[in-house]
Amino acid sequence: MYKVMVVDDESLGRKSVCKMISELALDVEVIAEARHGEEALELIRISKPHIIVTDMNMPVMNGQQFLEALYTNYAEIKVIVISGYSQFEYMKAAVTYQACEYVLKPISLLDLKSALVKAMEASHNHLTLQQQKKFTQDMWQLRREVFLGHVTSRRITNVIDIQMQAEELAISSARGSFRLAVCMFRNFHDISIKKFHGNADLLMYSIENILAEVLSSDGQDEAPLIYKSDDRMSLCLYAPESAYDETHIRHLLASFHNVINQMLQLEVVAGLSNVFNNLERLPEAYDIASELLRTNALHAIHFSLNSPDHSTTVAASSSELLSMFELKTLQQAFAAGNGAECRELLRNFLHKADKMNGLTIREGQRTLKKLIEMAAAEMSDMVLAYPQLFDTRSITGIVDRSQFSHFIEQFTEAAEEYRASKGTTASVHSIHEIASYLDAHYFEDISLIDIATRFHLDPSYLSKQFKSVTSENFIEYVTRKRMEKSCELLHMSEYKISEISELVGYENQRYFSQVFKKFTGQTPSEYREKYAAKT
C-alpha cells in the first residue's frame, strides 16, 4: 500500500481530495495532511509518504518553493500537482522539478486515478532492492494497522474473514490470547499548538514512532502491534499474552511515558484490557480498555494505567460535578440570554471541578456532554456557528485539567459571542413563541410561572420581556384573549353564559362577569342583548 500526503491550505480542498482518494480502488492510503509546504516538510520526516498530492497556491511556502525542496531533499517522493490555475510559472515548476502529473481543478475521479497510478508506477520503479524490501515491510505494517482498525471498529465482523486476513498478514497471535492497551496523552492539545503548529496528526506520528522505538528495544521476537483509533486520538497496543503479561506491558508503557515526557512533555494515560482469546474479540477488548482509561483521574500529572485488577484511581466523589439543579439554573441563564450569569455559573463550575477529589476523565467528559446538549437545546443555531464545540470528538479527547479548562473557556466565549451577535432577536423570537402558545391555550389554567417553566425562562425576566415586546403584561394579554373569545361566543345564542365562562377558562361565572364588565363596560347579558338588537 502506498502512503499519500495531501497538501492544501484550504481545509475543504484537503478533505475533498482525501475523500476522492479513499473512493478509488487503488492500493493507496492517505496517512497525513498538511496546510502548506513548510508543515509538509516537517511531516515527511515522520510519516514518510511515497506520493504527495499538493496545491500550488499556498501561504508560508508556495508551491514552487515546495516542489524545489522536495526535488532537492526527497527525490524518491513522487508528486502530483493539483491547481486551479494554468499559469505558465506553475506548469514550468512542475516540469522543472519532475512532478508526475499536473491536474487542473475541478478534479475528476478519472483524472485523479490516472495521476495516482502514474505516481505509483514511478515510485515503484525508483526503489532499489533494499528500498523495496523496506517498502514491503512498511506496507505489511500499514496493512496490519488498517486491518486492526477495521476489526476494532467492527467494520470486519465475520470470524472466518478475520482469521483469513490475519493469516495473510502474518499476525501469528490471531488465534491465541492477547491484551489490548489504549493510550492517550495529557497536554496533547497544548503541545500540538506550541510545537507542531496545531497539527495533531504530526504530533501523533511522532508519538507512534517513539513507541515503536521503545518496543523494538525490548528484544522480543513477537513485538506488539501498534495502530491508531478511528478518531486518531489514541494509540492501541495489541500485545500477545504469550510474550507480554500485564507486568511486562506496564513496564513497557512506563518506559514509553518516560521517553515522551522528556522529549515532548506529554504524559501517558492508559487502560489495559483483561486477557481475550482470538482476534475477533478485539472490539470487546477495546471497549474495556477505553473505559478503564476513562476511570483515571482527570487532574493527575503522572503516568496512569488502569486494568481490571489494578486500578490507580482514587475513590470518586459521591457528589455530581453538575447537579440537575445547577444544570437547570444554567439552562435558564442561557435561555434568558444573561451572559454575565452564564459566565459566573461556568466559572463556579470550573472551580468546583478543580476542588472535586477523585474526578475521573469519564465524569468530566460526561458532564461536558450534558452541557453541550443543554446548549444545543436552548440555542440550536449555536451548533451551526461553533460546530467544533458540539463535535463529540472534541470531548472524547479531553483527558487532563488543561484541556477541560480550555474547553469551558472556549464554550463560555462562544456563548457570549453568539448572544451578542443575536442581540435582542432571540428574546423577541422567544416572546412571540410564548404569545402564540397563549393564543392557543388561553382557556387553560396557566400562570406566568407555568409558562416560564415550560420555556425555561426566569419568571421575572419573562415578565419584563413580555411587557417590552407585547406592550401588555402577562395577565393583561391572557385576559384580553379570553374576553375577545367571550365576545365571539356571546354572538352565538346556543351558548349559555355559564358555558362561555367555562370555555374561556373561568370556573366561577360571577367572577367571569366582573372581569367581562371591567373589560367591555357591560355585563355578558347586556353585551348579548345589545348585539341581538343590532342584528
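The following refers to the structure shown. For every chain, the first residue of the written sequence is number 1, and numbering continues from 1 onward in sequence order. Local features in a predicted model are, by the rule used here, given only for residues with pLDDT of at least 70; side-chain atom pairs are given and counted only at 80 or more, and totals for whole chains, interfaces and linings are based on all residues. Heavy atoms throughout the structure, all of them, feed into the side-chain values; hydrogens and water do not.

Observations concerning a negative patch on the surface
Phase 1: Together, Asp445, Asp450, Glu499, Glu502 and Glu507 make up a negatively charged patch on the protein surface.
Phase 2: Strands are runs of DSSP state E lasting at least 2 residues, helices are runs of H or I lasting at least 4, and numbering of each runs from the N terminus. Summarising the element assignment, Glu507 is placed in the loop between helix 22 (497–503) and helix 23 (509–520). Patch membership requires more than 30% relative accessible area and the absence of a salt bridge. Residues of like charge join within 9 Å; the nonpolar side chains Val, Leu, Ile, Met, Phe, Trp and Tyr join within 5 Å. Residue burial considers only the protein chains on display, and all accessible areas are found by Shrake-Rupley using a 1.4 Å probe. For this analysis, a salt bridge means a side-chain nitrogen from Lys or Arg found within 4 Å of a carboxyl oxygen belonging to Asp or Glu. When charges are tallied, Lys and Arg are placed among the positive residues and Asp and Glu among the negative ones, while His and the ends of the chain are skipped. Charged groups are reduced to one reference atom each: NZ for lysine, CZ for arginine, CG for aspartic acid, CD for glutamic acid.

Focus: the packing of helix 1 (residues 11–23) against helix 5 (residues 109–126)
For any two helices packed against each other, one specifies the crossing angle of their axes together with the interaxial distance.
Phase 1: In this description, a line fitted to the C-alpha atoms serves as the axis of each element, helices being fitted only across the stretch in contact, and the angle between N-to-C directions of two axes falls anywhere from 0 to 180 degrees. In contact at an axis separation of 10 Å, helix 1 and helix 5 are set at 75° when each is read in the N-to-C sense. Classified by the angle between their axes, helix 1 and helix 5 sit roughly perpendicular to one another. Here helix 1 contributes Val17, Met20, Ile21 and Glu23 to the contact with helix 5, which in turn contributes Leu109, Leu112 and Leu116.
Phase 2: In this classification, Asp, Glu, Lys and Arg are treated as charged, Ala, Val, Leu, Ile, Met, Phe, Trp, Tyr, Cys and Pro as nonpolar, and every other residue, Gly included, as polar. Among the residues forming the contact of helix 1 with helix 5, the class breakdown is six nonpolar, no polar and one charged. Roughly parallel refers to an angle under 35 degrees, roughly antiparallel to one over 145, roughly perpendicular to one between 65 and 115, and oblique to any angle outside these ranges. Residues count as neighbours in contact if any of their non-hydrogen atoms are within 4.5 Å of one another.

Focus on the nonpolar core
Phase 1: Residues belong to a common nonpolar core when they are buried Ala, Val, Leu, Ile, Met, Phe, Trp, Tyr or Cys residues joined through side-chain atoms within 4.5 Å. Only protein chains enter the area calculation, which uses a 1.4 Å probe; residues under 20% of their type maximum are buried, those over 50% are exposed, and those in between are partly exposed. By size, the foremost hydrophobic cluster in this structure holds 83 residues, and its most contacted members are Ile21, Phe66, Ile80, Leu116, Phe185, Ile207 and Phe256.
Phase 2: Sort the elements by how many residues they give to this core and helix 9 (residues 200–216) lands first, with nine residues.
Phase 3: In contact with Ile21, other than residues within four places in its own chain, are Val4, Val6, Val28, Val30, Val53, Leu112 and Leu116.
Phase 4: Counting residues in hydrophobic clusters, the runner-up holds 60 residues, among them Leu169, Phe178, Met374 and Leu389.

Focus: the environment of His189
Phase 1: Relative to the elements of secondary structure, His189 occurs in helix 8 (residues 188–196).
Phase 2: Apart from the residues within four sequence positions on either side, His189 is in contact with Gln403 and His406.

Let's talk about the packing of helix 2 (residues 37–47) against helix 9
Phase 1: With their axes 9 Å apart at the nearest point, helix 2 and helix 9 run at an angle of 25° to one another. Judged on the interaxial angle alone, helix 9 and helix 2 are roughly parallel. At the point where helix 2 passes helix 9, the crossing takes the left-handed sense. Contacts from Glu42, Leu43, Ile46 and Ser47 of helix 2 reach helix 9 at Leu202, Tyr205, Ser206 and Asn209. For a crossing to be left-handed, the near helix must be turned anticlockwise from the far one by less than a right angle; the clockwise case is right-handed.

Some words on the environment of Gln522
Phase 1: Considering the arrangement of structural elements, one finds Gln522 in the loop between helix 23 and helix 24 (524–534).
Phase 2: Look at Gln522 and you get buried, because its relative accessible area is 17%.
Phase 3: C-alpha of Gln522 to C-alpha of Thr72: the two residues are 450 residues apart in sequence and 98 Å apart in space.
Phase 4: Once residues lying within four places of it in the same chain are set aside, the contact partners of Gln522 are Phe516, Lys517, Tyr527 and Lys530.

Considerations on the sheet that holds strand 5 (residues 101–104)
Phase 1: Overall, parallel pairing links the five strands, which are arranged 2-1-3-4-5 in an open sheet. Edge positions in the sheet fall to strand 2 (28–34) and strand 5, since each of these pairs with one other strand and no more. Neighbour to neighbour, the strand axes of the sheet diverge by 20° on average, direction disregarded.
Phase 2: Sheet strands in contact with helix 1 are strand 1 (2–7), strand 2, strand 3 (51–54) and strand 4 (78–83), and its direction is about 170° off that of strand 2.
Phase 3: Of the strands in this sheet, strand 1, strand 2, strand 3, strand 4 and strand 5 touch helix 5, which is tilted by about 160° from strand 4. Pairing between strands is defined by DSSP: at least two bridges between them are needed.

Overview of the pairing of strand 9 (residues 267–272)
Where a strand is regular, its side chains alternate between the two sheet faces.
Phase 1: With six of six residues buried, strand 9 lies mostly within the body of the structure.
Phase 2: Side chains Glu267, Val269 and Gly271 of strand 9 all project onto a buried face; the interleaved residues Val268, Ala270 and Leu272 project onto the opposite face, where all are buried too.
Phase 3: Judged from the six bridges that link them, strand 6 (residues 177–186) and strand 9 form a sheet pairing that is antiparallel. Bridge pairing in strand 9 places Met184 opposite Val269.
Phase 4: Both strand 9 and strand 11 (residues 304–306) contribute to a ladder of three bridges, which runs parallel. Among the inter-strand pairings, Gly271 is bridged to a residue of strand 11, identified as Asn306.

Comments concerning unusual backbone geometry
As a rule of thumb, non-glycine residues mostly have phi less than zero, and peptide bonds are mostly trans rather than cis.
Phase 1: In this model, Lys48 sits at a positive phi of 50°, which is unusual for a non-glycine residue.
Phase 2: Positionally, Lys48 belongs in the loop between helix 2 and strand 3.
Phase 3: Overall, the relative accessible area of 46% leaves Lys48 in the partly exposed class.

Topic: helix 2
Side chains of residues three or four places apart in an α-helix project in the same direction, reflecting 3.6 residues per turn.
Phase 1: Counting buried positions along helix 2 yields eight of 11 residues, so the element is predominantly enclosed.
Phase 2: In this structure, the buried side of helix 2 is in contact with strand 1, strand 2, strand 3, helix 3 (63–73), helix 8 and helix 9.
Phase 3: Once helix 2 finishes, Lys48 follows within two positions and takes phi at roughly 50°, a positive value.

Brief notes about the pairing of strand 2
Phase 1: Taking burial as the measure, the seven residues of strand 2 include five buried ones, the bulk of the element.
Phase 2: Where strand 1 meets strand 2, six bridges bridge the pair, whose relative direction is parallel. Across the sheet, the residue bridging to Val6 is Glu33, located in strand 2.
Phase 3: By definition, the crossover connecting two strands over a helix is right-handed if that path, from the first strand to the second, turns clockwise as seen with the strands pointing away from the viewer. Since strand 1 and strand 2 lie parallel, the crossover through helix 1 that links them has a hand, and here it is right-handed.

Some remarks on the packing of aromatic side chains
Phase 1: Stacked, edge-to-face and tilted are the three classes for Phe, Tyr and Trp ring pairs, Trp counted by its six-membered ring, which pair at centre distances within 6.5 Å; planes under 30 degrees apart are stacked, over 60 edge-to-face, the rest tilted. Here the structure, examined in full by the defined rule, presents 12 aromatic pairs.
Phase 2: A connected cluster of aromatic rings, assembled from ring pairs, spans Tyr506, Tyr511, Phe512, Phe516 and Tyr527.
Phase 3: Seen from the ring of Trp140, Arg143 lies directly overhead, with NZ or CZ sitting 5.5 Å from the centre.
Phase 4: A ring is scored as having a charge over it whenever the NZ atom of a lysine or the CZ atom of an arginine sits within 6 Å of its centre and within 35 degrees of its normal. Across from the ring centre of Tyr477, 5.0 Å away, lies the NZ or CZ of Arg480, which sits over that ring.

A short note on helix 1
Phase 1: Here the expected length of a helix is defined as 1.5 Å per residue gap, with one fewer gap than residues. In this model helix 1 runs 19 Å from its N-terminal to its C-terminal C-alpha over 13 residues, within 8% of the 18 Å that 1.5 Å per residue would give.
Phase 2: Considered for burial, the residues of helix 1 that qualify are Gly13, Arg14, Val17, Cys18, Met20 and Ile21. For helix 1, the angular spread of the buried residues around the axis is 160°, confining them to a single face. Residues of helix 1 that are exposed and point over 90 degrees away from its buried face: Leu12, Lys19 and Ser22.
Phase 3: On its buried side, helix 1 packs onto strand 1, strand 2, strand 3, strand 4 and helix 5. The directions from the helix axis to the C-beta atoms are what the arc is built from.

Brief notes about the pattern of salt bridges
Phase 1: Summed over all chains, the structure comprises 22 salt bridges.
Phase 2: Taking the shortest distance from any N to any O, the salt bridge between Lys19 and Glu23 comes out at 2.5 Å. Placement of the pair is Lys19 and Glu23 together in helix 1, with a separation of four residues, close to one helical turn.
Phase 3: Where Arg232 meets Asp201, a salt bridge forms, and the shortest distance between an N and an O atom there is 3.2 Å. Here Arg232 is found in the loop between strand 7 (225–228) and strand 8 (235–240), whereas its partner Asp201 is found in helix 9, with 31 residues between them in sequence.
Phase 4: Looking at Arg232, the relative accessible area reads 31%, which means it is partly exposed.
Phase 5: Overlapping salt bridges, with partners in common, bring together Arg14, Lys15 and Glu33 in one network.

Honestly, it's all geometry; don't read function into it.
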